[in-house]
Amino acid sequence: MREFFGLEVENGGYLREPEGYFSWQHLVFVTLICLAAILLGIVLGKRNRGRSDRERNRVLIAAALLLDALELFEIVFLCFRSHDPMNWLKNLPLFLCSVQAVALPMAAFCKGRLKLAAQDFVSVFGVLGMLLGTYGAGQNYACYPVLSFNNVQSGIVHGISGFAAIYIFTAGLASLQKRNIPITYSILAGLCAAAYAANVLIGYNYMFLMRGDGTPYDLVYNAVGGSPVLYPLSVVALFLVYIAVFYWVVFLIRRKRAKAM
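Residues numbered from 1 in each chain as written. Predicted model: local features only at pLDDT ≥ 70, side-chain atom pairs only at ≥ 80, totals over all residues. Heavy atoms only, no water.

### Let's talk about the nonpolar core
Then comes step 1: Counting residues in each nonpolar core, the largest one holds 55 residues, and the members touching the most others are Leu104, Phe125, Tyr167, Leu188, Met207 and Phe239.
Then comes step 2: The element best represented in this core is helix 9 (residues 230-260), accounting for 8 residues.
Then comes step 3: Not counting the four nearest positions on each side in its chain, phenylalanine 239 is found in contact with Leu96, Phe125, Leu188, Cys192, Met207 and Tyr217.
Then comes step 4: Counting 7 residues, the second largest nonpolar core, distinct from the first, contains Phe29, Val30, Ile33 and Tyr141. (Core = buried A, V, L, I, M, F, W, Y, C linked by side-chain atoms within 4.5 Å. Buried < 20%, exposed > 50% of the residue type's maximum accessible area, 1.4 Å probe, protein only. Helix = DSSP H or I, 4+ residues; strand = E, 2+ residues; numbered from the N terminus. Contact = heavy atoms within 4.5 Å.)

Structure follows, in structure tokens:
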């Protein structure tokens, strides 16, 4: 257990060699997490689809509390493990996936249009965050053993994000109204601005706005020659394009269904 939590090495670390990014151990582990998230989201979503808003919302409340508890535990534990009380600066919820620690509680506890917009944000980015944070997490699986605190905690958190998105869709909670698109863009823009400011102030790489760090963002970084201006702008532009395409596909499906009826 000490090795699992990275306590056998001074200031935190593991004695075992990492199996490697895209190793079979990595792929099996994250596939099991993603399958569990998808199946659980579908099963609970179908079960609650015809129930009241209050009953359907209970699952979101449970997911939000669990996700935030895991994120908070990670921040406190990594400060303890590294013997650095300021380590929390490098574990803020300023990644695309970890912003669900803010968006999911909003989806669970807010009211009215803000709740609908937060549910839309979770549904738009939940599955993407799950895939990027599991299959695309080269910065984790190249550095830590697969069965380690860093990767298990990260895998569960990303799995919860994907689960919440699938549940919202399956349970009929996703409104995805055109009037909420500006709110979705605003949430993302605020996150990117905060992440970039934190990167400049503390020299970190939130939202991978400074470099790819072994993730698929390296493709963008290399394509623009590592430009400190073009690279972050390109990453943000990809996010915005993804939102537009996501809504366009949903609206297209709804239109076809309406014509079929």
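### Looking at the pattern of salt bridges
Then comes step 1: This structure, assessed with the given rule, holds 4 salt bridges.
Then comes step 2: Between arginine 2 and glutamate 8 there is a salt bridge; the shortest N-O distance is 3.0 Å.
Then comes step 3: Classification of arginine 2 as partly exposed rests on a relative accessible area of 47%.
Then comes step 4: The class for glutamate 8 is partly exposed, based on a relative accessible area of 39%.
Then comes step 5: Arginine 211 is paired through a salt bridge with aspartate 213; the nearest N and O atoms lie 2.9 Å apart. (Salt bridge = Lys/Arg side-chain N within 4 Å of Asp/Glu carboxyl O.)

### Observations concerning unusual backbone geometry
Then comes step 1: A positive phi angle is found at asparagine 11, which is not glycine, with a value near 65°.
Then comes step 2: By relative accessible area, asparagine 11 is classed as partly exposed at 43%.
Then comes step 3: Located in the positive-phi region is leucine 176, a residue other than glycine, with phi close to 45°.
Then comes step 4: With respect to the secondary-structure elements, leucine 176 resides in the loop between helix 6 (149-170) and helix 7 (181-202).
Then comes step 5: Given the relative accessible area of 0%, leucine 176 is considered buried.

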